[in-house]
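Topology and contacts: notes
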2 protein chains.
Amino acid sequence: MTTITASGLTCALPVTQTERVQLGHGSGGKMSASLIGDVFLRELGNPALNVMGDGAIVEAGATEFVVSTDSFVVSPLEFPGGDIGSLAVHGTLNDVAMMGARAVCLTAAFILEEGLPIATLERVVASMAAAARQAGVPIVAGDTKVVERGKADGLYVNTTGIGLRDARCRPGPADARAGDVVIVSGALGRHGMAIMAAREGLAFETTITSDSACLIPLVERIKTAGVRVHTLRDPTRGGAASALNEIAAASGVAIELDEDALPVPENVRAACEMLGLDPLYVANEGILLAIVPAEEVDTTLAALRSHPLGSGAVVIGRVTGKPAATVILRTGLGGTRIVDLLPGDQLPRIC
Amino acid sequence: MTTITASGLTCALPVTQTERVQLGHGSGGKMSASLIGDVFLRELGNPALNVMGDGAIVEAGATEFVVSTDSFVVSPLEFPGGDIGSLAVHGTLNDVAMMGARAVCLTAAFILEEGLPIATLERVVASMAAAARQAGVPIVAGDTKVVERGKADGLYVNTTGIGLRDARCRPGPADARAGDVVIVSGALGRHGMAIMAAREGLAFETTITSDSACLIPLVERIKTAGVRVHTLRDPTRGGAASALNEIAAASGVAIELDEDALPVPENVRAACEMLGLDPLYVANEGILLAIVPAEEVDTTLAALRSHPLGSGAVVIGRVTGKPAATVILRTGLGGTRIVDLLPGDQLPRIC
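Read on for a plain summary of the structure. Note on numbering: residues in each chain are counted from 1, in written sequence order. Labels are handed out in written order, letters beginning with A for the chains and numbers beginning with 1 for the ligands. Local features in this predicted model are restricted to residues of pLDDT 70 or higher, and side-chain atom pairs are both shown and tallied only at a pLDDT of 80 or more, whereas totals for entire chains, interfaces and linings draw on every residue. Calculated side-chain values reflect all of the structure's heavy atoms, with hydrogen atoms and water omitted.

1. Concerning the packing of aromatic side chains
Counted only if it meets this: Geometry of aromatic contacts follows a simple scheme: Phe, Tyr and Trp rings, the Trp one being its six-membered ring, pair when their centres are within 6.5 Å, and the pair is stacked under 30 degrees between planes, edge-to-face over 60, tilted otherwise. Only DSSP runs of H or I covering at least 4 residues are called helices, and only runs of E covering at least 2 are called strands; the numbering of each starts at the N terminus. To sort residues, take the accessible area from a 1.4 Å probe on protein chains only and compare it with the maximum for the residue type: under 20% means buried, over 50% means exposed, and anything in between is partly exposed. Whether a charge sits over a ring depends on NZ of Lys or CZ of Arg being within 6 Å of the ring centre and within 35 degrees of the ring normal.
Scanning all chains against the criterion turns up three aromatic pairs over all chains. Ring geometry for Phe110 of chain A and Phe40 of chain B: centres 4.7 Å apart, planes at 50°, overall tilted. Residue Phe110 of chain A is found in strand β5 (residues 102-113), and its partner Phe40 of chain B is found in helix α2 (residues 30-44); the two belong to separate chains. The same class applies to Phe110 of chain A and to Phe40 of chain B, which are both buried. The positively charged end of Lys145 of chain A is found above the aromatic ring belonging to Phe72 of chain B, 5.2 Å away from the centroid.

2. Notes on the sheet that holds strand β1 (residues 56-60) of chain B
What holds strands together in a sheet is hydrogen bonding between their backbones, with the strands either parallel or antiparallel. Residues and elements named next belong to chain B. To be explicit about the condition: Note on pairing: two strands pair once DSSP finds at least 2 bridges between them. The axes are straight lines fitted to the C-alpha atoms, using for helices just the contacting stretch, and the angles between their N-to-C directions are given from 0 to 180°. In this description, contact between two residues means that some pair of their heavy atoms is separated by no more than 4.5 Å.
Pairing is mixed in the open sheet, where five strands are placed in the order β1-β2-β7-β5-β6. Strands at the two margins of the open sheet, each flanked by one partner only, are β1 and β6 (139-147). For this sheet the average axis-to-axis angle between neighbouring strands, irrespective of direction, equals 20°. Of the strand pairs in this sheet, strand β5 (residues 102-113) and strand β7 (residues 155-164) are connected by ten bridges, and their pairing is antiparallel. Bridge pairing in β7 links Leu112 to Leu155. Taken strand by strand, helix α5 (residues 118-135) contacts β5, β6 and β7, and its axis lies near 175° from that of β5.

3. Things to note about the pairing of strand β2 (residues 63-72) of chain A
All names here are of chain A. Buried residues dominate β2, accounting for nine of its ten residues. Bridge count for strand β1 (residues 56-60) against β2 is five bridges, and the pairing is antiparallel. Within β2, the residue paired with Glu59 across the bridge is Glu64. Here β2 runs beside strand β7 (residues 155-164); their pairing, made up of eight bridges, is antiparallel. Note that in β7 the partner of Ser71 across the bridge is Asn158.

4. A look at the relation of the copies chain A and chain B
Quick reminder of the rule: Least-squares fitting of one copy onto the other uses the C-alpha atoms of those residues that reach a pLDDT of at least 70 in both copies.
Overlay of chain A on chain B (RMSD 0.0 Å): rotation 180°, translation along the axis 0.0 Å. Here the transformation between the copies is reduced to the relation of a two-fold axis. Of the residues that chain A buries at the interface, 100% are likewise interface residues in chain B, meaning the two copies contact each other through the same surface.

5. Here we look at the sheet that holds strand β13 (residues 326-330) of chain A
Residues and elements named next belong to chain A. Read across the open sheet, the seven strands follow the order β9-β11-β8-β12-β10-β13-β14; overall the sheet is mixed. Both outer strands of the open sheet, β9 (231-233) and β14 (336-338), are each paired with one neighbouring strand and no more. Neighbour-to-neighbour, the strand axes of this sheet turn through a mean angle of 25°, independent of strand direction. With five bridges joining them, strand β10 (residues 254-258) and β13 adopt parallel strand pairing. Bridged to Glu256 within β13 is Ile328.

6. Quick word on the pattern of salt bridges
Residues and elements named next belong to chain B. What counts, and what does not: Salt bridge criterion: a side-chain nitrogen from Lys or Arg within 4 Å of a carboxyl oxygen from Asp or Glu.
Under the definition given, this model contains 42 salt bridges over all chains. For the salt bridge of Asp153 with Arg349, the shortest nitrogen-to-oxygen distance reads 3.0 Å. Of this pair, Asp153 sits in the loop between β6 and β7 while Arg349 is found in the segment after β14 (336-338), placing the two residues 196 residues apart along the sequence. The class of Arg349 is buried, set by a relative accessible area of 6%. A salt bridge links Asp166 to Lys223, with the shortest nitrogen-to-oxygen separation between them at 3.0 Å. Of this pair, Asp166 sits in the loop between β7 and β8 (181-184) while Lys223 sits in helix α7 (residues 216-224), placing them 57 residues apart in sequence.

In short, the description is geometric, and any link to function would need to be established separately.
In structure tokens:
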């Protein structure tokens, strides 16, 4: 689910300045925001869509459920730590979980390129099935289309997830408040750098593995601990920088990050330096950002750290009042710099 | 939603006899059945998925809802009578409607090829929005990905629909019974032949327009009339022949069609003859098959004909007991022939 706030849109270049779709339109940055605002929201806008959370909230009969959809085009199809199948399950389940909802089912729709080895498809589907089983969420409906050689890149898959809202836990991107604290559940930058290394055939001293994982257990522990969580977010495409910018814009707050507190693994840091990338903008697929009131920090950290996926949970910053819709990085030397949305793509086809 | 019954699977070639994905695997015929059975169901199978109806039935809390997903890869993107945007809305809403459910929302996820003219995208999204508005069903969540030139064919779109089950109307592919009557709501073969003509640049005496339409109004009229409908089905990919084969297999019945009763427009018939195609296998996107008890025929026809979309509704055949899982065509000369599932593709990328 693309998540761009109204404020995010105002700083975007109008899509009418470009005549054709560019890779940057899929980046999760300013160009994406422009495309979404100028083309999609203009035509399709409605109250549920306009919120642009990780999923939409829908009332039907006596039930309030959430729905989130994502198409996956990651290249290569298989990478250290996962593949397009497990990623498609984790990605959509995580979007549902970030709304505090309990996922009840997934759908999966495949676009296959003629000539794709059946063995590759079998591995991807088996991985998808294992991920869904582990999460305890069935894939209840599917679809398969085949296109000619040169009209896809092996395979693409869409997953859509449906969850039931939970009265105990209703975080939202617009609910961060001055005085809140920003927690991340684990290391930054692993997924994006694992994909880059696999795609470019880069070898580092240690293999970077994707963090792709289902975040349902972490959200369940937060709920069980009774944390009053204001905002949850999995910082995927565009990384933590883009996710926090969207939250800052939606909530009308500033978010300050402490550079020294950011948990960037050494191999990710080295790879980023070699490639000239900033780990704050690199995609993650198995960590969450939790924004909670200051008095809930200890409980939240304890809840996250009680599960292996959250063993590296740390405080990385805080929410302040002004300047609104801004993310600021406090460097180790005491300086500050603005962490803006990127215009286009740092890493295309990362998910 | 791909709809292949268990019986349909047994007659399919094992996918292991092919090493790579072929276009026929997306046909809706025997090769599709083989791929679905050997790869997808083997790994992903669960009670909801195994039913393989037009959508899945999911119970969540106090609510019973249906969900259906479809990716659309139609080529060309725009054709007489519609485009990939309106088709994606109609196709998924119709799958939900065929389960007797009331659609409450749709999601839309786009895969865009770098270089796609923004103007084309704008037309497609506007058409999608108009179709959703006309149906009264909002698009509540979306996603956009961009892939490099040569990795898609302009654009692909996935729509997933969620509906609430209706206690009054719960048709299913396994509910056809001997003695029932088969009704079609309108002309056969328009969508597929419109696509073929547009793709191949064929000019006939009159332009063939796709029948792409939202079938919700027809289902509502059937419900309002109080018809006890056993099976509803929109005969899309693979046409009426494939849809009826799947129903015959799921219900364990034979279905007899009267060739002289099949409503094939003259321009569709002429185009099919020229191209060596059988209109029974050509895709439709704006008609439904209704299988009802004999005593409900008059009420059903009156209900369908009360709406412009169903003005051409006619009886085309009947359900008999044996041979099970078989569709038989009674020709004008009194002969009969078996109408089998095709192995592979008559018309690729029709939806």
